[in-house]
Amino acid sequence: MTSTVQIPGYVVGTWDIDASHSTVGFSVRHMMVSKVRGYFREFSGELVTAADPAQSSVTATINMDSIDTRQEQRDAHIKSADFFDVGNHTVMTFRSTGVRAEGEDWHVDGELTLKGITKPVTLELELNGFGPDAYGGTRAGFSAKTVISRSEFGVDIDMPMDGGGVVVGDKINVELEIEAVLRAA
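Scoring rules and cut-offs
- Residues numbered from 1 in each chain as written.
- Predicted model: local features only at pLDDT ≥ 70, side-chain atom pairs only at ≥ 80, totals over all residues.
- Heavy atoms only, no water.
- Buried < 20%, exposed > 50% of the residue type's maximum accessible area, 1.4 Å probe, protein only.
- Helix = DSSP H or I, 4+ residues; strand = E, 2+ residues; numbered from the N terminus.
- Pairing = 2+ DSSP bridges.
- Patch = residues over 30% accessible without salt bridge, like charges linked within 9 Å, V, L, I, M, F, W, Y side chains within 5 Å.
- Areas by Shrake-Rupley, 256 points an atom, 1.4 Å probe, with all protein chains shown as cover.
- Salt bridge = Lys/Arg side-chain N within 4 Å of Asp/Glu carboxyl O.
- Lys, Arg positive; Asp, Glu negative; His and termini not counted.
- Charge placed at Lys NZ, Arg CZ, Asp CG, Glu CD.
- Phe/Tyr/Trp six-rings, centres within 6.5 Å; stacked < 30°, edge-to-face > 60°.
- Polar contact = N/O pair within 3.5 Å; in protein donor to acceptor, adjacent residues only side chain to side chain.
- Contact = heavy atoms within 4.5 Å.
- Core = buried A, V, L, I, M, F, W, Y, C linked by side-chain atoms within 4.5 Å.

## Remarks on the pairing of strand β10 (residues 138-149)
Here is step 1 of the chain: Burial of β10 is extensive: 9 of the 12 residues sit out of reach of the surface.
Here is step 2 of the chain: Sheet topology places strand β9 (residues 117-132) next to β10; 8 bridges connect them, and they run antiparallel. Bridge pairing in β10 links E124 to K145.
Here is step 3 of the chain: Hairpin connection from β9 to β10: 5 residues lie between these consecutive antiparallel strands, with G136 at a positive phi of about 85 degrees.

Following this line, the structure appears as C-alpha cells:
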C-alpha cells in the first residue's frame with residue numbers, strides 16, 4: 001500500500017538557487033577547543049520538485065575559491081595544496097541520487113565530489129515552505145545539514161598539537177540554508 005505524502009503549499013517545478021538569499025556554511029573543530037566557521041560565497045544549483053516528492057532532485061556547484069572564514073591568511077592556506085588544492089580543483093559538486101521520507105524527516109541522498117573524489121553523502125532536509133515573493137514569482141526554502149570526513153575526500157593534512165590532539169579536526173559539519181526561485185513556465 002502506498003500513500004501520497006502531503007506537504008503544505010508544495011509546488012512542482014524547476015527551481016534555481018538564489019545565492020544572495022542562501023548560505024553554504026561549515027564548521028570544523030580547531031585546536032581541540034573551539035569551532036571555526038566559514039562559508040562559500042559563490043555557488044549555484046537547480047532543484048526539481050516532482051509530483052511525487054521522492055522523485056525530486058538537486059544538483060549544485062560550489063566555487064572553492066570563494067571560501068571565507070573571515071581570516072585571509074587561513075583562507076589562503078585552505079585554498080592551497082595542503083587542503084583544497086583550488087588550483088587543480090576549482091569546484092565542489094553535489095548531485096542527488098534519491099529523496100526519501102522517514103516519518104516526518106526528509107533525507108536527500110547524493111554524491112559529493114571534492115578534490116576529484118566522489119563519496120555518498122546524506123543531507124538531513126527541513127522543508128521551510130513554499131510561497132509567493134514580492135516580484136510575482138514563487139520561492140521555496142530548505143535547510144539541510146550533514147557531517148563529512150575531510151580525510152575521506154583527500155583533505156588529509158595532519159597537523160598534530162604538542163601534548164596530543166590536532167589543529168584541525170577531521171569532522172566537518174555542513175549547514176545549508178537554501179532559498180530557490182521557481183522558473184517561469
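## Focus on a positive patch on the surface
Here is step 1 of the chain: On the surface, R29, K35, R37 and K171 cluster together to form a positively charged patch.
Here is step 2 of the chain: Here K35 is to be found in strand β3 (residues 34-40).
Here is step 3 of the chain: For K35, a relative accessible area of 40% translates into the label partly exposed.

## A few points about the packing of aromatic side chains
Here is step 1 of the chain: The tally for this structure, following the rule as stated, stands at 5 aromatic pairs.
Here is step 2 of the chain: Grouping aromatic residues by their ring pairs yields a cluster made of Y10, W15, F130 and F142.

## Structural notes on the side chain of D133
Here is step 1 of the chain: Examined against the element boundaries, D133 turns out to sit in the loop between β9 and β10.
Here is step 2 of the chain: On the accessibility criterion, D133 (17% relative accessible area) is buried.
Here is step 3 of the chain: Within the structure, D133 has its side chain in polar contact with the backbone nitrogen of Y135 (distance 2.9 Å).
Here is step 4 of the chain: There is a polar contact of 3.2 Å between the side chain of D133 and the backbone nitrogen of G136.
Here is step 5 of the chain: If sequence neighbours within four positions are ignored, D133 has contacts with T138 and R139.

## Brief notes about the nonpolar core
Here is step 1 of the chain: Core analysis: the largest hydrophobic core is formed by 40 residues, its most contacted members being F40 and F84.
Here is step 2 of the chain: Here this core takes 5 residues from strand β11 (residues 168-182), the largest share from any one element.

## Focus on unusual backbone geometry
Here is step 1 of the chain: Of note, the phi angle at R70 is positive, near 70 degrees, even though the residue is not glycine.
Here is step 2 of the chain: Tracing the backbone through its elements, the reader meets R70 in the loop between β6 (67-68) and α1 (72-79).

## Re the environment of A19
Here is step 1 of the chain: As for its placement among the helices and strands, A19 is situated in the loop between β1 (13-17) and β2 (23-30).
Here is step 2 of the chain: Judged by its relative accessible area of 30%, A19 falls in the partly exposed class.
Here is step 3 of the chain: The spacing of A19 and E177 is 158 residues in sequence and 9.8 Å in space, taken between C-alpha atoms.

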